[in-house]
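Observations on chain architecture
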Amino acid sequence: MNHVASEGEPSSRSKNTAPKKLAPIFSKTRDQHTSNLADGPLVPQSMTQDTLTTSKKRKFEVSSLSSKRFKGTPSNLKLAMPLAERLRPQCLDEFFGQKHLTGPESLLTSMLDSGIIGSLILWGPPGCGKTTLARILARHMDCSFRELSATSSGANDVRAVFEEAKATLSLTGRKTILFLDEVHRFSKTQQDVLLPFIEQGLIQMIGATTENPSFRLTGALLSRCRVLVLERLTDDDIRGIITSAVERVLASVPHEQQQPECERAASQLVGTEPTISQNSLSLSQSQSSQAPINSDGPFLPYAQLTDRVISSIVSLSTGDARTALSLLELVLASKPDRDEHTLLASLRQSVSTSYDRVGESHYDMISALHKSIRGSHGSAAMYWLARMLTVGEDPLYIARRLVVCASEDIGLADAHALPLAMAALQACQVIGMPECRINLAHCVCYLSEASKCTRAYEAYNRAEVAAKSDPKMAVPMAVRNAPTALMKELGYAEGYNYNPSFRHPVHNDYLPIAFRGNKFLKEVGDLSDKNWDEQELLRWEREENGGQLWEGRSSAQHSC
């Protein structure tokens with residue numbers, strides 16, 4: 001970081017040192033003036049006051065001069081910015097990825113051409129370009145841009161922006177775009193504050209969130225905004241971002257420093273010009289923007305930035321541009337002669353595993369585990385179990401899902417599945433990690449290979465639909481409870497046949513009249529409501545059955 005900053009903006013050093021050169025001059029003048037007062041004869045008090053006034057004026061002039069010079073230099077805050085912030089794209093041409101949003105035929109492009117974008121919710125993973133896209137949209141629309149974060153702002157901050165936007169619109173006719181980062185952190189009450197201002201068109205809000213808007217934002221807010229989904233950046237996108245970033249850093253490196261050290265030393269001895277011309281550098285930069293970086297010609301003076309290092313950055317970033325640029329900054333700040341293996345090990349240690357135990361990946365992975373068990377794919381189920389446990393998922397959360405899976409998917413096909421799942425849950429409670437991973441693996445394997453039957457699960461779903469259709473439907477008199485004589489006199493339990501009292505089957509009216517004859521629990525082997533998809537069966541036979549025909553094909557076709 002320091003290495004890049006010092007080479008990247010050489011002019012800032014001269015400007016920052018300018019006030020330091022002026023300071024001794026004024027100090028010397030002030031000292032000389034004071035010595036004259038001390039060595040000379042006594043002067044009237046009025047002259048002393050005039051001298052002090054002049055000194056104050058001189059101090060004011062010095063401070064004013066210093067402030068003017070400071071305003072012309074780059075801000076220390078800007079110099080302290082990370083590489084990802086300094087190299088943030090300023091237009092759509094510099095924006096990588098999200099072609100479904102920024103392409104010529106996309107909805108967003110049409111909205112920009114019409115001059116109306118409305119209020120938007122940008123939903124996507126970290127580092128996919130939500131903040132950058134919002135700033136580009138504001139710049140393209142020529143609107144005032146205000147940025148708040150829901151993590152550190154409240155309703156009062158939002159109201160202040162709205163009042164400012166209202167005044168700006170009435171006085172200048174210029175609209176305001178409010179970018180609200182992490183908008184899902186706002187409570188429902190805070191989200192309601194946004195509604196009237198968005199609805200009246202006094203402000204255009206662009207909210208960014210990494211959480212599913214359907215779960216974290218109110219329906220009223222979603223109805224007033226368009227939701228745009230940003231995808232995780234591809235490896236090609238990340239490589240393009242890295243290439244562009246290195247080229248921009250190289251453009252700020254002094255020409256002399258782009259030579260290898262040995263050639264630079266030789267040129268200084270003989271007094272010759274550098275061997276690498278600016279034209280060749282520009283040519284190499286234009287070529288690198290069209291082709292990937294390779295180890296045959298590393299970027300000078302960053303010899304440590306080899307193709308292997310860049311590939312590792314792409315892999316470790318997992319589609320996060322911010323992470324990729326942070327890793328690139330670490331590489332650029334390292335010594336050019338640093339060992340490649342040591343550098344790669346440092347990069348791997350600096351990246352934490354991306355897993356949010358309350359976010360989207362939390363639910364996506366448990367869903368993948370459950371569906372792998374349902375599909376009897378033990379290898380996939382074991383992989384997702386390991387993925388969750390290695391990143392710190394609560395084993396009890398996984399065990400509880402396995403208990404559900406035992407009844408939902410295995411059900412009546414294997415009576416041992418539910419007791420085993422309950423035993424795994426108890427083992428996790430008693431033993432804990434890391435040993436309970438073995439119990440979970442045992443249960444996952446058993447459930448994956450067990451026969452599947454969803455008769456109980458589907459029967460309840462059908463019954464639930466019927467129950468919700470008329471919650472007040474009366475219970476048949478024959479199956480009502482009759483604990484008192486009065487209830488018996490009223491006909492409760494009248495006509496009920498107690499089944500154990502008979503040597504043969506007997507009939508009772510168990511269901512309300514509206515549902516008599518309904519079969520909520522299907523008979524064993526009843527496939528009347530199941531689909532037959534020949535293409536999917538052929539795909540399974542090809543991908544998972546070694547090209548062999550399914551042994552149950554003939555019987556299943558006959559039952560259909």
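Owing to the predicted nature of the structure, the values given are computational and were not obtained by experimental measurement.

With that settled, consider the overall build of the protein chain. Within the protein chain one finds 27 helices and five strands. Residues classed as buried in the protein chain amount to 34% of the 560 residues present. Total accessible area computed for the protein chain in this model is approximately 33700 Å², and 54% of it derives from carbon and sulfur atoms.

Turning our eyes to something else, we now look at the sheet that holds strand S1 (residues 120–123). On the basis of which strands lie adjacent, the open sheet formed by five strands has the order S2-S3-S4-S1-S5 and parallel pairing. Each of the sheet's edge strands pairs with one partner strand only, and the pair in question is strand S2 (144–149) and strand S5 (226–229). Pairs of neighbouring strands in the sheet enclose a mean axial angle of 20°, with direction left out of account. Where S1 lies against strand S4 (residues 204–209), four bridges are found, and the strand directions are parallel. Bridging from a neighbouring strand, leucine 122 pairs with alanine 208 of S4.

Position of threonine 151 among the secondary structure elements: in the loop between S2 and helix H9 (155–172). The sequence separation of threonine 151 and valine 183 amounts to 32 residues, and the corresponding C-alpha distance is 8.4 Å. Non-local contacts of threonine 151, meaning those with residues more than four positions away in its chain, are made with Glu182 and Arg185. One polar contact links threonine 151 to serine 149, side chain to side chain, over a distance of 2.7 Å.

When its volume is computed, the largest pocket comes out at roughly 1200 Å³. What lines the largest pocket is a set of 29 residues, among which Lys452, Leu527, Lys530, Asn531 and Trp550 lie closest to the centre. Of all the secondary structure elements, the ones that give two or more residues to the lining of the largest pocket are helix H24 (455–469) and helix H26 (534–543). Broken down by class, the residue content of the lining of the largest pocket amounts to nine nonpolar, six polar and 14 charged.

Our next topic: the packing of H9 against helix H10 (residues 188–200). Interhelical geometry of H9 versus H10 gives an angle of 10° and a closest axis separation of 10 Å. Compared by their axis directions, H9 and H10 come out roughly parallel. Crossing of H9 over H10 shows right-handed handedness. Contact residues: H9 offers Ala155, Val158, Arg159 and Phe162, while H10 offers Gln190, Val193, Leu194 and Phe197. Considered class by class, the residues forming the contact of H9 with H10 number six nonpolar, one polar and one charged.

The final tally for this structure, using the stated rule, is four aromatic pairs. Taking the ring centre of tyrosine 492 as reference, the NZ or CZ of arginine 480 above it sits at 5.0 Å.

Below, the discussion takes up helix H20 (residues 378–390). Here H20 is 13 residues long and its end C-alpha atoms lie 18 Å apart, about the 18 Å a rise of 1.5 Å per residue gives. Of the positions making up H20, those classed as buried are Ala381, Leu385, Met388 and Leu389. For H20, the buried positions fall inside an angular range of 95° around the axis, keeping them on one side. Exposed and oriented more than 90 degrees from the buried face of H20 are Ser379 and Thr390.

Let's shift gears to unusual backbone geometry. Peptide bonds are, in most cases, trans, and in most cases residues other than glycine have a negative phi. Between methionine 433 and the following residue, proline 434, the backbone shows a cis peptide bond with an omega angle of 5°. Mapped onto the fold, proline 434 is located in the loop between helix H22 (417–430) and helix H23 (436–449). Its identity as a non-glycine residue notwithstanding, alanine 493 has a phi of 65°, on the positive side. Mapped onto the elements of the fold, alanine 493 is located in the loop between helix H25 (485–489) and H26.

Another aspect to go through is the confidence of the model for the protein chain. With 75% of its residues at a pLDDT of 70 or more, the protein chain has an overall mean of 78. Note on residues 1–72: pLDDT is under 50 here. Beyond four places in sequence and across chains, it has 39 contacts. Within the model, the stretch residues 261–298 combines pLDDT values under 50 with 35 contacts to residues more than four positions away or in other chains.

It is worth spelling out the side chain of serine 317 at this point. Mapped onto the elements, serine 317 comes out in helix H16 (residues 307–317). In this view, serine 317 contacts Ile238, Thr323 and Ala324; residues no more than four positions away in its chain are not counted.

A separate point is the side chain of serine 153. In this fold, serine 153 is placed in the loop between S2 and H9. Once residues lying within four places of it in the same chain are set aside, the contact partners of serine 153 are Leu148 and Phe186.

With that settled, the discussion passes to the pairing of S4. With six of six residues buried, S4 is to be regarded as a mostly interior element. Of the two faces of S4, the one holding Gln204, Ile206 and Ala208 and the one holding Met205, Gly207 and Thr209 are both buried throughout. One ladder, built from five bridges, connects strand S3 (residues 176–181) with S4; its direction is parallel. Bridging across to S4, leucine 180 finds its partner in glycine 207. Where the polypeptide runs from S3 across H10 and back to S4, its parallel neighbour, the crossover connection is right-handed.

Enumeration over the complete set of coordinates arrives at 16 salt bridges. Between arginine 146 and glutamate 164 there is a salt bridge; the shortest N-O distance is 2.6 Å. With a gap of 18 residues between them, arginine 146 in strand S2 and glutamate 164 in helix H9 connect regions that are remote in the sequence. In this structure glutamate 164 comes out as partly exposed when scored by relative accessible area, which is 35%. Between lysine 519 and glutamate 523 there is a salt bridge whose closest N-O contact spans 3.8 Å. For lysine 519, a relative accessible area of 54% translates into the label exposed. By sharing partners, the salt bridges in this structure join Glu85, Arg88, Arg135 and Glu147 into a single network.

Our focus in this paragraph is the packing of helix H13 (residues 235–251) against helix H17 (residues 321–333). Pairs of packed helices are described in terms of their axes, by the angle between the two and the distance that separates them. Where H13 meets H17, the axes come as close as 10 Å, and the angle between the chain directions of the two elements is 40°. Taken together, H13 and H17 sit at an angle that is classed as oblique. Regarding H13 and H17, the two cross each other, and that crossing is right-handed. Of the residues in H17, those in contact with Ile238, Ile241, Ile242, Ala245, Val246 and Val249 of H13 are Ala321, Ala324, Leu325, Leu328 and Leu332. When grouped by side-chain class, the residues that make up the contact of H13 with H17 number 11 nonpolar, no polar and no charged.

Cut-offs and rules
- Residues numbered from 1 in each chain as written.
- Predicted model: local features only at pLDDT ≥ 70, side-chain atom pairs only at ≥ 80, totals over all residues.
- Heavy atoms only, no water.
- Helix = DSSP H or I, 4+ residues; strand = E, 2+ residues; numbered from the N terminus.
- Buried < 20%, exposed > 50% of the residue type's maximum accessible area, 1.4 Å probe, protein only.
- Areas by Shrake-Rupley, 256 points an atom, 1.4 Å probe, with all protein chains shown as cover.
- Pairing = 2+ DSSP bridges.
- Axes fitted to C-alpha atoms, helices over the stretch in contact; angles between N-to-C directions.
- Contact = heavy atoms within 4.5 Å.
- Polar contact = N/O pair within 3.5 Å; in protein donor to acceptor, adjacent residues only side chain to side chain.
- 1 Å grid on protein atoms, 1.4 Å probe; cavity = no way out; pocket = protein on both sides within 12 Å on 5 of 7 lines; lining within 4 Å.
- Points joined across faces, edges and corners; volume = space filled by probe spheres on them.
- Nonpolar A, V, L, I, M, F, W, Y, C, P; charged D, E, K, R; others polar.
- Parallel < 35°, antiparallel > 145°, perpendicular 65-115°, else oblique.
- Left-handed = near helix turned anticlockwise from the far one by under 90°.
- Phe/Tyr/Trp six-rings, centres within 6.5 Å; stacked < 30°, edge-to-face > 60°.
- Lys NZ or Arg CZ within 6 Å of the ring centre and 35° of its normal.
- Expected span 1.5 Å × (residues − 1).
- Arc of directions from axis to C-beta.
- pLDDT = per-residue confidence, 0-100.
- Right-handed = clockwise from strand over helix to strand, strands pointing away.
- Salt bridge = Lys/Arg side-chain N within 4 Å of Asp/Glu carboxyl O.

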